[in-house]
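# Examination of the molecular architecture
Here is how the chains run, residue by residue.
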Amino acid sequence: MALEFQLDHQDHKKVEDFIARSAAGVSAISLHPKVAAAQHGVAETARDAGLEVLYDPRTERLEHEGFTLQGIPGYTGTPYNLDALAANVDQRQQLIDAVLGATPDVVTIVTPPHFLARDARTSHLDLALAEATRLSTDKRVRPVLMMKARFPVADAAELAREYAAAGFDEIELRFTPLGGEDDGIPKIRAAFTIADLFRSAGLKVVLGRSGNVGQTAYALGHVDGYSMGIGQMEHVNHSADITRQKQPPKLDEEGNKVKSGGAWQGVYIPNLATTLSMKRARTLLGHTDVRTKLLCRIDHCANSLLGPVTDYRSHYLHSRAAEAERLAATPPAWRGKIETDRLQRALELRELVNTKYRAAGEPELKVRTLQSLVDGIEEERAAVA
Ligand SMILES: [Zn+2]
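Residues numbered from 1 in each chain as written. Predicted model: local features only at pLDDT ≥ 70, side-chain atom pairs only at ≥ 80, totals over all residues. Heavy atoms only, no water.

## Quick look at the overall build of the protein
Under the convention used in this document: Only DSSP runs of H or I reaching four residues or more are called helices, and only runs of E reaching two or more are called strands; each is numbered from the N terminus. With the radius of gyration taken over C-alpha atoms, the globule rule is written as 2.2 Å times the number of residues to the power 0.38. Exposure is judged per residue with a 1.4 Å probe applied to protein chains only, and the accessible area is read against the type maximum: over 50% gives exposed, under 20% gives buried, and values in between give partly exposed.
Of the regular secondary structure elements, the protein holds 14 helices and 11 strands. Over its C-alpha atoms the protein spans a radius of gyration of 21 Å, differing by no more than 12% from the 21 Å that the globule rule assigns to 385 residues. Overall, the C-alpha framework of the protein stretches about 65 × 65 × 40 Å when taken along its three principal axes. A total of 385 residues make up the protein; the buried ones form 52% of that total.

In structure tokens form, the structure reads like this:
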């Protein structure tokens, strides 16, 4: 296990080409809830290359109303009432059957339906859904447990024991909100502590949608793997997702849907350890003062200074995979040092960009999460020494 990529609508061709060449550092891909059928090619390529293939049903969104839920397995047009679902085994099985029906055959690890775990009832509902899913399929099952970032540690310890007792040996944890640019040390420490509890209960742990936080957690041995989208999904923010799905689509005077400004094109800049908008990345890479500090020399980027922006998806894949591969190839005791150096370099470069190369109106590159990660690593290394 190492890095897992979660595919969006339009990622499959680039991901397929990337995996067909080399997938070093990457251990799995996850198919999109609504367009998995169109992603069959990349799924087969990944499976043939020895990667795991997952399918993310995104059922946690079904607890609320929304304009973008059509196509999510189990969607009935009415929000799920979790109290009712916790009390009704038939309704739970219907949801599981819908998710299994939508899960493509090529998938190697099944993801059960899941909802935000906010208390004892909802977390036990998630466990019940996972257990019943396992009884309904012959494949490996990896539950997703999305928890509030401040989930009580004692309750998490109990939950970890229950998942282990139920026979699960792997789980994906998602903490919400976590992984943005404004996380303090206590929040990160709490997430790592909960990941440790699941690991010591005997489960392999993947930190879902977790960008830099996931990479650091992996470097420090708190998790076995971490996942992200391609230029996006580097953090979890459940309430923001729900707010977004409740926004009515914009209509023009004739009542037709207005196309928004196009898909987000996230350009990862490895030396800044951040993903920028296309416009901002293009400006920075075009500035002769700093472009040499921001270069990527992998694959197509080796031949083009603007490689990260001309093909941002392939660049994202090869640069993130290279970072994962480097960590995986390093003995565990030295990974913390590699990660500190990477984050420290990014902090310095962010300060430089903020003070000298920030256009009027552009936000500062925030440093709080990165600084918390660096301080956290130092804390852990001091404790071991
Ligand atoms: Zn590149």
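## So, the side chain of Thr111
To keep things clear, this is the line we draw: We call two N or O atoms a polar contact when they sit within 3.5 Å, provided that within protein one can donate a hydrogen and the other can accept it, with sequence-adjacent residues counted only if both atoms are side-chain atoms. A contact between two residues is defined here by any heavy atoms of the two lying within 4.5 Å.
Here Thr111 is to be found in the loop between strand 4 (109-110) and helix 5 (120-135). For Thr111, the side chain forms a polar contact with the main-chain oxygen of Tyr55, separated by 3.1 Å. Not counting the four nearest positions on each side in its chain, Thr111 is found in contact with Leu54, Tyr55, Pro57, Val99, Arg142 and Val144.

## Here's the deal with the layout of surface pockets
Quick note on the threshold: A 1.4 Å probe that fits but cannot get out identifies a cavity on a 1 Å grid over protein atoms alone, an open set with protein on both sides within 12 Å along at least five of seven lines counts as a pocket, and a residue lines either if it has an atom within 4 Å of a point. Grid points are joined across faces, edges and corners, and a volume is the space filled by probe spheres set on the points. Here the nonpolar group is Ala, Val, Leu, Ile, Met, Phe, Trp, Tyr, Cys and Pro; Asp, Glu, Lys and Arg are the charged ones; every other residue, Gly included, is treated as polar.
Computed from the structure, the second largest pocket encloses a volume of approximately 350 Å³. Forming the boundary of the second largest pocket are 17 residues, of which Pro270, Asn271, Glu323, Arg326 and Arg345 lie nearest the centre. Within the residue set of the lining of the second largest pocket, elements represented by two or more residues are helix 12 (312-328) and helix 13 (332-356). Considered class by class, the residues forming the lining of the second largest pocket number seven nonpolar, three polar and seven charged.

## Things to note about the coordination of the zinc ion
Our working definition: Only N, O and S atoms count as donors, using a 2.8 Å cut-off from the metal and 3.2 Å for Na, K and Ca, and because water is excluded some sites may appear unfinished. By the criteria applied here, four donors are tetrahedral when all angles lie between 85 and 135 degrees, four are square planar and six octahedral when opposite donors are over 155 degrees apart and every other angle lies between 65 and 115, and any other arrangement is irregular.
Taken together, the protein ligands of the zinc ion are Cys296 (SG), Cys301 (SG), His315 (ND1) and His318 (NE2), with distances of 2.0 to 2.3 Å. Of note is the zinc ion, whose four donor atoms meet at the metal with angles of 106 to 116° in an arrangement that counts as tetrahedral. Between the donor residues of the zinc ion, the gaps in sequence give the motif C-x4-C-x13-H-x2-H. A residue is classified by how much of its surface remains accessible, and Cys296, at 7% relative accessible area, is buried. Relative accessible area serves as the criterion here: at 3%, Cys301 is assigned to the buried category.

## Observations regarding the pattern of salt bridges
Formally: Think of a salt bridge as a Lys or Arg side-chain nitrogen and an Asp or Glu carboxyl oxygen that are within 4 Å of each other.
This structure, assessed with the given rule, holds 30 salt bridges. Close ionic contact of Arg140 with Glu52 constitutes a salt bridge, the shortest N to O distance being 3.1 Å. Taken together, the residues span a long stretch of sequence, with Arg140 in strand 5 (residues 140-141) and Glu52 in strand 3 (residues 52-55) at a distance of 88 residues. Note on Arg140: relative accessible area 39%, which makes it partly exposed. By relative accessible area, Glu52 is classed as partly exposed at 24%. Put simply, Arg381 and Glu378 hold a salt bridge, and the shortest N to O gap is 3.5 Å. Here Arg381 pairs with Glu378, and both are found in helix 14 (residues 368-384), just three residues apart, close to one helical turn. You can call Glu378 partly exposed: its relative accessible area is 37%. Several salt bridges share partner residues, and in doing so they unite Glu4, Glu52, Arg140, Arg142 and Glu170 into one network.

## Topic: the pairing of strand 7 (residues 170-176)
Using the following cut-off: What makes two strands pair is DSSP finding at least two bridges between them. Crossovers are described as right-handed under a simple rule: with the strands pointing away from the observer, the path leading from the first strand over the helix to the second runs clockwise.
Buried residues dominate strand 7, accounting for seven of its seven residues. The two faces of strand 7 match: Glu170, Glu172, Arg174 and Thr176 on one face and Ile171, Leu173 and Phe175 on the other face are all buried. In this sheet, strand 7 lies alongside strand 6 (residues 144-148) in parallel orientation, the contact comprising five bridges. Following the sheet pairing, Met146 is matched in strand 7 by Arg174. Regarding topology, helix 6 (residues 153-165) serves as the crossover connection from strand 6 to the parallel strand 7, and that connection is right-handed. Note that strand 7 and strand 8 (residues 204-207) share four bridges and pair parallel. Bridge assignment links Glu172 to a residue of strand 8, and that residue is Val206.

## Considering the domain arrangement of the protein
Quick reminder of the rule: Where each domain begins and ends is defined by an automated method or by a domain database. Using a 1.4 Å probe, buried area is obtained as the accessible area two parts lose upon being combined, added over both of them.
For the protein, the domain assignment lists domain 1 (3-246) and domain 2 (267-384). Put simply, the middle of domain 1 and the middle of domain 2, counted by C-alpha atoms, are 26 Å apart. Taken together, the contact between domain 1 and domain 2 spans 35 residues of the former and 36 residues of the latter. Where domain 1 abuts domain 2, roughly 3,100 Å² becomes buried across the two surfaces, and 56% of that area is made up of carbon and sulfur atoms. Considering only the surface of domain 1 that becomes buried against domain 2, Glu181, Asn212 and Gln215 emerge as the three largest contributors, covering 20% of it. At the surface where domain 1 touches domain 2, the tally comes to six salt bridges. For Lys14, the salt bridge is made with Asp311, and the minimal N-O distance between the two is 3.2 Å. Between the two partners, domain 1 and domain 2, sit 20 residue pairs in polar contact (both at pLDDT 80 or more). Taken together, the elements giving at least two residues each to the side of domain 1 that touches domain 2 come down to strand 1 (3-6), helix 1 (12-21), helix 7 (185-200), helix 8 (211-219) and strand 9 (225-228). The leading source of residues in the side of domain 1 that touches domain 2 is helix 8, at seven residues. Partitioning the side of domain 1 that touches domain 2 into residue classes produces 16 nonpolar, 11 polar and eight charged.

## Some remarks on helix 1
In an α-helix, one turn spans 3.6 residues; hence positions three or four apart end up facing the same way. Note the cut-off: Directions from the helix axis toward the C-beta atoms define the arc.
Those residues of helix 1 that fall on the buried side of the exposure criterion are His12, Val15, Phe18 and Ile19. Looking down the long axis of helix 1, one finds its buried residues gathered within 130° of arc, a one-sided arrangement. With respect to the buried face of helix 1, the exposed residues turned more than 90 degrees away are Lys13, Ala20 and Arg21.

## Description of the side chain of His222
Examined against the element boundaries, His222 turns out to sit in the loop between helix 8 and strand 9. Overall, His222 belongs to the buried group, its relative accessible area being 8%. A polar side-chain atom of His222 sits 2.7 Å from a polar atom in the side chain of Glu380. Residue contacts for His222: discarding those within four places in its chain leaves Phe192, Ala195, Asp196, Arg199, Ala217 and Glu380.

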